[in-house]
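An overview of the molecular structure
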Amino acid sequence: GNPGTMAAAAAVTTSLQSIPDIKTTGYSGLMLPVLEDRRLAELDTLTIQKLLCISSVCGVGIDTVPIPGDVSQKSLASLILDVAALACRWNKPLSCRVFPVPGCQAGMATSFDSPYMCNSSIFRLE
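Residues numbered from 1 in each chain as written. Predicted model: local features only at pLDDT ≥ 70, side-chain atom pairs only at ≥ 80, totals over all residues. Heavy atoms only, no water.

A word on the nonpolar core
Of all hydrophobic cores here, the largest spans 20 residues; its most connected members are Ile48, Leu51, Ile62, Val65 and Phe123. Within the residue set of this core, elements represented by two or more residues are helix H3 (48-54), strand E1 (60-68), helix H4 (73-90) and strand E2 (94-101). Filtering out sequence-adjacent residues up to four positions away, leucine 51 remains in contact with Leu32, Val34, Leu46, Ile62, Val65 and Phe123. (Core = buried A, V, L, I, M, F, W, Y, C linked by side-chain atoms within 4.5 Å. Buried < 20%, exposed > 50% of the residue type's maximum accessible area, 1.4 Å probe, protein only. Helix = DSSP H or I, 4+ residues; strand = E, 2+ residues; numbered from the N terminus. Contact = heavy atoms within 4.5 Å.)

Some points on a nonpolar patch on the surface
A cluster of nonpolar residues, Val12, Leu16, Ile19 and Ile22, forms a patch on the protein surface that exposes about 330 Å² of accessible area. Mapped onto the elements of the fold, isoleucine 22 is located in the loop between helix H1 (5-17) and helix H2 (38-42). (Patch = residues over 30% accessible without salt bridge, like charges linked within 9 Å, V, L, I, M, F, W, Y side chains within 5 Å. Areas by Shrake-Rupley, 256 points an atom, 1.4 Å probe, with all protein chains shown as cover. Salt bridge = Lys/Arg side-chain N within 4 Å of Asp/Glu carboxyl O.)

Structural notes on unusual backbone geometry
One non-glycine residue with positive phi stands out, namely threonine 64, at about 50°. When you line up the elements, threonine 64 lands in strand E1.

A look at H4
With 18 residues, H4 should cover 26 Å at 1.5 Å per step; its first-to-last C-alpha distance of 26 Å lies within 8% of that length. Taken together, the buried positions of H4 are occupied by Leu79, Val83, Leu86 and Ala87. Taken end-on, H4 shows its buried residues confined to a sector of 100°, consistent with a single buried face. In H4, the exposed positions that point more than 90 degrees away from the buried face belong to Gln73, Lys74, Leu81, Cys88 and Arg89. Residues of H4 that are buried in the fold lie against H3, E1 and E2. Positioned one or two residues after H4, asparagine 91 has a phi angle of 50°, which is positive. (Expected span 1.5 Å × (residues − 1). Arc of directions from axis to C-beta.)

If you want it as structure tokens, here you go:
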């Protein structure tokens, strides 16, 4: 999420999409699933807004991001509207896969017991 991250994400996506003779289906670009990527899950500087910015140059949107369990409908709806606005502006599919974690607040650690998910700090929904 630091300066240069968006340029790197754009370069990876461009490289993936320019491989000759490869038929693509679904998302074709860099994906950043926080709870499925140990390194992303460990980053304490990553925010939902930074992920949304990076999504403007790669594929998927907000993917497997843990948020506070008491998130308001208004905050969640606002996030979904931001993702939808970006998807409409760039005419590309983006998802908003967030995980409200009951009983947890922003900054607390998740405690998932799954071989398919990494534990991470709960993101602020600002």
